[in-house]
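# A structural walkthrough
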Amino acid sequence: MEALRQPLESGHVVVARSAGVMRMPARFLLLLAANPCPCGRHGQPGDGCACSPAVIRRYQARLSGPLLDRVDLRVRVGPVSRAELAGELGRAENTAVVAARVHEARERAGARYTGTPWTVNGAVPGYELRTRWPLAPGALREAERDMERGVLTARGLDRVLRVAWTVADLAGHDRPTRDDVAQALQLRTGVNRGVPQPMGRA
Ligand SMILES: [Zn+2]
């Protein structure tokens, strides 16, 4: 998993063999899934987890900070209840509706990046994103505070910025508002602030 860090950043892998060195494209979407502890019940309703704190810490440490630092969206998923299985699934949003919304957001981003080498927020280098498309004044305040407190890295800030632009594109905003940035920060940490997190913070 640690070997994924470099291609996650650069979008390519370098393979060195006796015949030579090859640079191959490797732009991919990384989806990780993990249990909160070895038994999987830690922090769930009713809990029933018998794993010791040391075991839980060791288990969660298997995903390193530097790797988690490269994960943009963290979603805490609880067990599905019987009622949800029976009811909620039928009321879930139609995939076609979501696809149309994503298409619209991508069009908005594409229009913004006309005349640049990029078409989506995820591909824009942090420096370019920070300097060429400024946010509303004060929109980044909370993220900057997190940086000062040491809970957000410089790389993390760039990633929050990219997600904030996507949140703004989905919402139809010209540029990320303070709320869009707050949502990006929340998506990055996975849960509401102050709630113990199964995956810890990068
Ligand atoms: Zn457990």
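All figures in this text were calculated on a predicted structure; none of them were measured in a lab.

### What about the overall build of the protein chain?
A count of helices and strands for the protein chain gives 10 helices and 2 strands. Along the three orthogonal principal directions, the C-alpha set of the protein chain runs to about 55 × 55 × 40 Å. Buried residues in the protein chain amount to 16% of all 202 residues. Sequence separation of at least 24 residues holds for 56% of the intrachain contacts in the protein chain that already meet a minimum separation of 6.

### Let's talk about the domain arrangement of the protein chain
Splitting the protein chain by domain gives domain 1 (1–30) and domain 2 (95–189). Taking only C-alpha atoms, the centre of domain 1 and the centre of domain 2 are 26 Å apart.

### A look at the packing of helix α9 (residues 154–171) against helix α10 (residues 178–189)
With their axes 8 Å apart at the nearest point, α9 and α10 run at an angle of 120° to one another. As judged from the angle between their axes, α9 and α10 are oblique. For the pair α9 and α10, the crossing hand works out as right-handed. In this structure, α9 contributes G156, R159, V160, V163, A164, V167, A168 and A171 to the contact, and α10 contributes D180, V181, Q183, A184, L185, L187 and R188. Here the contact of α9 with α10 is built from residues that sort into 10 nonpolar, 2 polar and 3 charged.

### Some remarks on the confidence of the model for the protein chain
The share of residues in the protein chain with pLDDT of 70 or more is 93%, and the mean pLDDT across the chain is 87. Highest mean pLDDT in the protein chain belongs to helix α6 (residues 95–112) (95); lowest belongs to helix α5 (residues 88–91) (64).

### Digging into the pairing of strand β2 (residues 20–25)
By the criterion of burial, β2 is predominantly exposed, with just 0 of the 6 residues buried. With 6 bridges connecting them, strand β1 (residues 12–17) and β2 associate as antiparallel partners. Each bridged residue has a counterpart across the sheet, and for H12 the counterpart in β2 is P25. Between β1 and the antiparallel strand that follows it, β2, lie 2 residues.

### Examining the packing of α6 against α9
It is the contact of α6 with α9, at a shortest axis distance of 8 Å, that shows an interaxial angle of 115°. In terms of orientation, α6 and α9 fall into the roughly perpendicular class. Here the hand of the crossing between α6 and α9 comes out right-handed. Here α6 contributes R101, A105, R108 and A109 to the contact with α9, which in turn contributes T166, D169 and L170. Along the lines of polarity and charge, the residues of the contact of α6 with α9 split into 3 nonpolar, 1 polar and 3 charged.

### A look at the environment of A168
In this fold, A168 is placed in helix α9. The exposure class assigned to A168 is buried, which follows from the 26 C-beta atoms found within 10 Å. In this structure, A168 is in contact with H173, R175, P176 and D180, ignoring residues within four places of it in sequence.

### So, the nonpolar core
One finds A143, V160, A164, V181 and A184 to be the most contacted residues of the largest nonpolar core, which totals 15 residues. Elements with a minimum of two residues in this core: α9 and α10. For this core, the element with the most residues is α9, which contributes 7 residues. Aside from chain neighbours lying at most four places away, what touches V160 is A143, V181, A184, L185 and R188.

### Some points on the environment of G43
With respect to the helices and strands, the residue G43 is situated in the loop between β2 and α2 (53–60). When the C-alpha positions of G43 and A92 are compared, they lie 26 Å apart, and in sequence the two are 49 residues distant.

Rules and cut-offs
- Residues numbered from 1 in each chain as written.
- Predicted model: local features only at pLDDT ≥ 70, side-chain atom pairs only at ≥ 80, totals over all residues.
- Helix = DSSP H or I, 4+ residues; strand = E, 2+ residues; numbered from the N terminus.
- Buried ≥ 20, exposed ≤ 12 C-beta atoms within 10 Å, placed from the backbone.
- Contact = placed C-beta atoms within 7 Å.
- Domains from an automatic or database assignment.
- Axes fitted to C-alpha atoms, helices over the stretch in contact; angles between N-to-C directions.
- Parallel < 35°, antiparallel > 145°, perpendicular 65-115°, else oblique.
- Left-handed = near helix turned anticlockwise from the far one by under 90°.
- Nonpolar A, V, L, I, M, F, W, Y, C, P; charged D, E, K, R; others polar.
- pLDDT = per-residue confidence, 0-100.
- Pairing = 2+ DSSP bridges.
- Core = buried A, V, L, I, M, F, W, Y, C linked by C-beta atoms within 7 Å.

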